[in-house]
Amino acid sequence: MSVIDLYKSAGQEQLFQHLDQLNETDKSQFLSNLEAASRRISPQKLVDDCKKAISQSAENARDSSSVEPLPATSYQSVIDNASAQEEYYKIGLESVTNGEVAVVLMAGGQGTRLGSSAPKGCYDIGLPSHKSLFQIQAEKLISLQRLSGTKSPIPWYVMTSKPTHNTTKDFFEKHNYFGLESSQVVFFNQGTLPALDLQGEKLLLSSPTDLVESPDGNGGLYRAIKDNQLLQDFEKKGIKHVYMYCVDNVLSKLADPVFIGFAIKHGFELATKVVRKRDANESVGLIATKDNKPCVIEYSEISPELAAEKDSSGLLKLRAANIVNHYYSVELLKRDLDQWCEHMPYHIAKKKIPCYDNTTGESLKPTEPNGIKLEQFIFDVFPGVSLDKFGCLEVDRAQEFSPLKNAPGTANDNPETSRAAYLELGGNRLKKIGAQIADGVSVEVSSKLSYAGENLSQYKGKVFDKDNTVLEN
Ligand code: UTP
């Protein structure tokens, strides 16, 4: 079947109304773009899956399956539990030392709420050093390599998308990989999916020769791992454990030995870090079980009564807030990745999508949502993992989670809160070893100097009274 027939048979005649007006070069470009998009998913399947996603989203809102917290066998808090932390740390660090741990970063998002044109990882949150998020993260790997004494640099797989790929790569190159070996950083691209109109029926054009396409969501990670043959790379390098995290959390502890050790010790195939939900109203996804299967429940899916329910300890019964920080055993990926890629559902996001009207030749900039972007969610694979192989580790929010979502000057999760969280954590660690920091003074502890509070004893008794001091290794 020709590419035109393929799309027409899926009800997409509208794409070709301007075909006669295109010159030969543009026409062949257009058809080759359509052909490329259909290789990922056929137009008919795309329309069918979009319809399914629309009705699923209505069903989710009505779903009343029983939502419960994870059982104690799957859930542990290391807040105020120094002995568990120590035990897991030793196990995890040994695995890092042995070169068994890889880090996978999701950096394919477009960061629309933040409003910066560059990828989020390049963002300067206003620390005294003006380091970017990427640099802070790279330096954590450098200190962990030093701490573990590993002879094999920790591989860092950076997932980008069409909108972030080139700028991200150029940024790393321009900054000499922030002191890492360039060979330990692997960039790989996630896929894109075409967007549809609000009815989920018609594909949209972004120009005379291109469909509107956007990254396929954080769940696109699995297909990207498969398409880029990362499992083969893991195998070659002897990787057994994967630490996955989001680019926008300045406090993320890359390859965290405590978390890896927790998963190894209990034989979990998939594990996730959570922080304690602040209060019943916080808009966060929760790690829980539904019909005895691990899952993420969106805040909109539970009633206000259930959200506010307390357990016998006086804490919220459902309090495990998802920070999208996951552990995967390579064994699990080898076993299940292919079927995840086949069967993961799509979700709809109604958006204002700039597009091209091929009947008038006009470029449209809508002020109201006019279309649907399809996305996959990383957590949709959780229910397929058996509960005894699924672990959840509660960690301290102040030490591990401060996401950068919103533009400067907004109410929360913005550059100011990221900066404050990073400086406060470093400052508290200095105070803990006996340094003094004068009121109103910012001291930045470089991630290259200290991974998690170690290596600071040289500052015992030191008084910091000069603002914007940066402590480097
Ligand atoms: P968010 O869902 O917060 O999206 O991503 P975002 O792109 O950063 O910001 P908005 O929603 O456009 O304002 C959480 C994490 O998932 C990654 C992001 O890069 C971030 O690390 N992500 C998201 C991807 O890697 N690919 C995607 O398609 C979506």
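What comes next concerns the included structure. No experiment lies behind these values; they were computed from the predicted model shown.

Cut-offs applied
Residues numbered from 1 in each chain as written. Predicted model: local features only at pLDDT ≥ 70, side-chain atom pairs only at ≥ 80, totals over all residues. Heavy atoms only, no water. Salt bridge = Lys/Arg side-chain N within 4 Å of Asp/Glu carboxyl O. Helix = DSSP H or I, 4+ residues; strand = E, 2+ residues; numbered from the N terminus. Buried < 20%, exposed > 50% of the residue type's maximum accessible area, 1.4 Å probe, protein only. Axes fitted to C-alpha atoms, helices over the stretch in contact; angles between N-to-C directions. Left-handed = near helix turned anticlockwise from the far one by under 90°. Contact = heavy atoms within 4.5 Å. Nonpolar A, V, L, I, M, F, W, Y, C, P; charged D, E, K, R; others polar. Near = heavy atom within 4 Å. Polar contact = N/O pair within 3.5 Å; in protein donor to acceptor, adjacent residues only side chain to side chain. Areas by Shrake-Rupley, 256 points an atom, 1.4 Å probe, with all protein chains shown as cover. Core = buried A, V, L, I, M, F, W, Y, C linked by side-chain atoms within 4.5 Å. Pairing = 2+ DSSP bridges. Phe/Tyr/Trp six-rings, centres within 6.5 Å; stacked < 30°, edge-to-face > 60°. Lys NZ or Arg CZ within 6 Å of the ring centre and 35° of its normal.

Attention shifts here to the pattern of salt bridges. Tallying each qualifying case throughout the model produces 29 salt bridges. A salt bridge links Glu301 to Lys290; the shortest N-O distance between them is 3.5 Å. Of this pair, Glu301 sits in the loop between strand 14 (293-297) and helix 10 (304-308) while Lys290 sits in strand 13 (residues 286-290); the two residues are eleven residues apart in sequence, bridging distant segments of the chain. For Glu301, a relative accessible area of 25% translates into the label partly exposed.

For the pair helix 8 (residues 230-237) and helix 11 (residues 330-343), the least separation of the axes is 11 Å and the interaxial angle reads 150 degrees. Handedness of the helix 8/helix 11 crossing: left-handed. Here helix 8 contributes Leu231, Phe234 and Glu235 to the contact with helix 11, which in turn contributes Val330, Leu333, Lys334 and Leu337. Split by residue class, the contact of helix 8 with helix 11 holds five nonpolar, no polar and two charged.

With that settled, consider the site of the ligand. Lining the immediate surroundings of the ligand are 18 residues, of which Met106, Thr112, Lys120, Gln190 and Lys405 lie closest. Within the backbone of Gly108, one N or O atom sits 2.8 Å away from an oxygen atom of the ligand. Take Thr112: an N or O atom from its side chain is 2.4 Å from an oxygen atom of the ligand. Bound to the protein, the ligand loses 84% of the 570 Å² it would expose on its own. Of the residues in the shell around the ligand, the class split is six nonpolar, eight polar and four charged.

A separate point is the nonpolar core. Ranked by internal contacts, the top residues of the largest apolar core, which has 55 residues, are Val103, Phe134, Trp156 and Phe172. Other than its neighbours up to four places away in sequence, Val103 contacts Leu141, Ile154, Pro155, Trp156, Tyr157, Tyr243, Tyr245, Leu254 and Ala255. Residues Phe234, Cys246, Val330 and Cys341 belong to the second largest nonpolar core, which totals 39 residues.

The sheet built from three strands is open, its strands ordered 7-19-16 with antiparallel pairing. Strands at the two margins of the open sheet, each flanked by one partner only, are strand 7 (196-197) and strand 16 (347-351). Bridge count between strand 7 and strand 19 (residues 371-375): two bridges; the pairing is antiparallel. In the strand pairing of strand 19, Leu196 is matched with Ile372.

Let us look at the packing of aromatic side chains. Within the structure shown, the criterion is met by 19 aromatic pairs. Following the ring pairs from residue to residue traces out a cluster consisting of Phe134, Trp156, Phe171, Phe172, Tyr177, Phe178 and Phe187. Between Lys462 and the ring centre of Phe464, over which it is positioned, the NZ or CZ distance is 5.5 Å.

A few words now on the pairing of strand 13. The element strand 13 is extensively covered by neighbouring structure, given that five of its five residues are classed as buried. Along strand 13, one buried face is formed by Leu286, Ala288 and Lys290 and the opposite face, lined by Ile287 and Thr289, is buried too. Relative to strand 13, strand 1 (residues 67-68) is paired through two bridges, and the arrangement is antiparallel. Bridging across to strand 13, Val67 finds its partner in Lys290. Relative to strand 14, strand 13 runs antiparallel, the two sharing five bridges. Within the sheet, the bridge partner assigned to Leu286 lies in strand 14 and is Ile297.

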